[in-house]
Amino acid sequence: MDAQRRVEAMLGRLVDEGREIGLQVAAYLDGELVIDAWAGSADPGRGRAVDGDTLLHLFSAGKGVTATAVHVLAERGVLAYDTPIAEYWPEFGTRGKERITVRHALTHSAGVPHLPAGTSLLDLCDWDRTCAMIADLEPVRGPGSTSGYHGFTFGWLLGEVVRRADGRPFKQVVRDEVTGPLGIADSLAPMVDAAMAPRMAVHADDGTGVSTAPLSTALETSPYPYSTGPNDPRFQRACMPAGVNGSARGLARMYAALANGGELDGVRLLSPKSVAAASATAVDGVDPILGRPVTRALGYALGEPGSPMAHRSAFGHQGTGGAIGFADPTRNFAFALTKNNLTHDNSATGTANIITREVRTTLNLSEPSHDERRTPSPSDT
């Protein structure tokens, strides 16, 4: 049985067993789409099936799209990694944030990981309002001192820098410079809360006395089920730079270009040198927000043995609910999984891990070499 049919069969089993509702998988190898599979329902209430064009909310798996847009503009000289954000966005340069750079934002070390208490999902639907709230934040630590996950603020920090530096709205830059040239299309499928906690868990105090997200149940109040925003038309229409909408096919295509030296089918997003710089290790340590070791590049997470990305040479991003997209340039391999059953199982038996293992097996991709491995610490398990 070839790779396509094996993955189709696996997705069908996951749906039949009740582990998933609707999901998509796409993979590229050597610049060719070798797996493009889907199964299940896009909308259980209406009986609409998932197909390869169905758009799902990617949650933080979309952060890689935002980072890629930043790198495209950086290569063209529109913005620079080590320039203070306030030079592009003067209103941001207050309350101790004057020295925070674009690089700090990309590495989650800007020191503003939280949104103001009481922020609602409805607030996030208003770009200018959200940017004004972030511009008024006071850092909880010095820029560059610690990399602590900026779950929501990451998107607007970088999205507003892109808007100010380039002049076009962030969404238009992504369409014009990333998704459009690659032919990636912009009917969202409803999201369903499953094994996740019914409300978003507020991260534990990391010693600063702040948490990352008291957000909303009905868009206006706090806290909220994960599916609330992506299922609300106001949220769907808004630009969410910390979590975009997309398909596995589209997300894998972007990463296929990055895995292939920055170019796919005659379309160049970045030079090989820029891809290498963007995906080099920038952070390797314990994230105080997440409470576990992390390795990060500029806007991307890096792979680890035992994770869906598996190799330190791989870079991309996973999202709440189980979506993931990544590139592995050493194998010229790219992969994406999108799904609408919002589970959060990163174990060896979680959906992302079992599918990526199956894909690697069917495509005869190698296991990590010794120099790609990192000895796990107790917090990794």
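Structural data are supplied above this passage.
Residues numbered from 1 in each chain as written. Predicted model: local features only at pLDDT ≥ 70, side-chain atom pairs only at ≥ 80, totals over all residues. Heavy atoms only, no water.

Trainee: Is there a simple way to think about the nonpolar core in this case?
Mentor: As a rule of thumb, nonpolar side chains are buried together in soluble globular proteins. One finds Ile85, Trp156, Leu157, Met254, Tyr255 and Leu258 to be the most contacted residues of the largest nonpolar core, which totals 73 residues. Looking at this core, the element that brings in the most residues is helix H10 (residues 248-259), giving 9 residues. Of all hydrophobic cores here, the second largest spans 25 residues; its members include Ala3, Ala37, Ala39 and Leu363. (Core = buried A, V, L, I, M, F, W, Y, C linked by side-chain atoms within 4.5 Å. Buried < 20%, exposed > 50% of the residue type's maximum accessible area, 1.4 Å probe, protein only. Helix = DSSP H or I, 4+ residues; strand = E, 2+ residues; numbered from the N terminus.)

Trainee: Just to check I follow, could you spell out unusual backbone geometry for this structure?
Mentor: Within the chain, Asp30 stands out as a residue other than glycine whose phi angle is a positive 55°. Locating Asp30 in the fold gives a position in the loop between strand E1 (22-29) and strand E2 (32-43). Classification of Asp30 by relative accessible area gives exposed; the value is 54%. One non-glycine residue, Phe59, lies in the positive phi region at around 50°. Relative to the assigned elements, Phe59 resides in the loop between strand E4 (56-57) and helix H2 (63-75). Classification of Phe59 by relative accessible area gives buried; the value is 10%.

Trainee: For this particular structure, what's the right way to read the pairing of strand E14 (residues 333-339)?
Mentor: Side chains on a regular strand alternate between the two faces of the sheet. When you tally the buried positions in E14, you get 7 out of 7 residues, the bulk of the element. Side chains Phe333, Phe335, Leu337 and Lys339 of E14 all project onto a buried face; the interleaved residues Ala334, Ala336 and Thr338 project onto the opposite face, where all are buried too.

Trainee: Explain the side chain of His57 here, please?
Mentor: In this fold, His57 is placed in strand E4. On the basis of relative accessible area, His57 is assigned to the buried category, the value being 5%. A polar side-chain atom of His57 sits 2.8 Å from a polar atom in the side chain of Asn245. (Polar contact = N/O pair within 3.5 Å; in protein donor to acceptor, adjacent residues only side chain to side chain.)

Trainee: Would you take a moment to explain helix H8 (residues 170-179) for this structure?
Mentor: Each turn of an α-helix holds 3.6 residues, which means side chains three or four residues apart point in the same direction. Residues of H8 that are buried include every one of Phe170, Val173, Val174, Glu177, Val178 and Thr179, and no others. Considered in projection along H8, the buried side chains sweep an arc of 145° and stay on one side of the axis. Among the structural elements, H2, helix H6 (127-135), helix H7 (153-166) and H10 are those in contact with the buried residues of H8. (Arc of directions from axis to C-beta. Contact = heavy atoms within 4.5 Å.)

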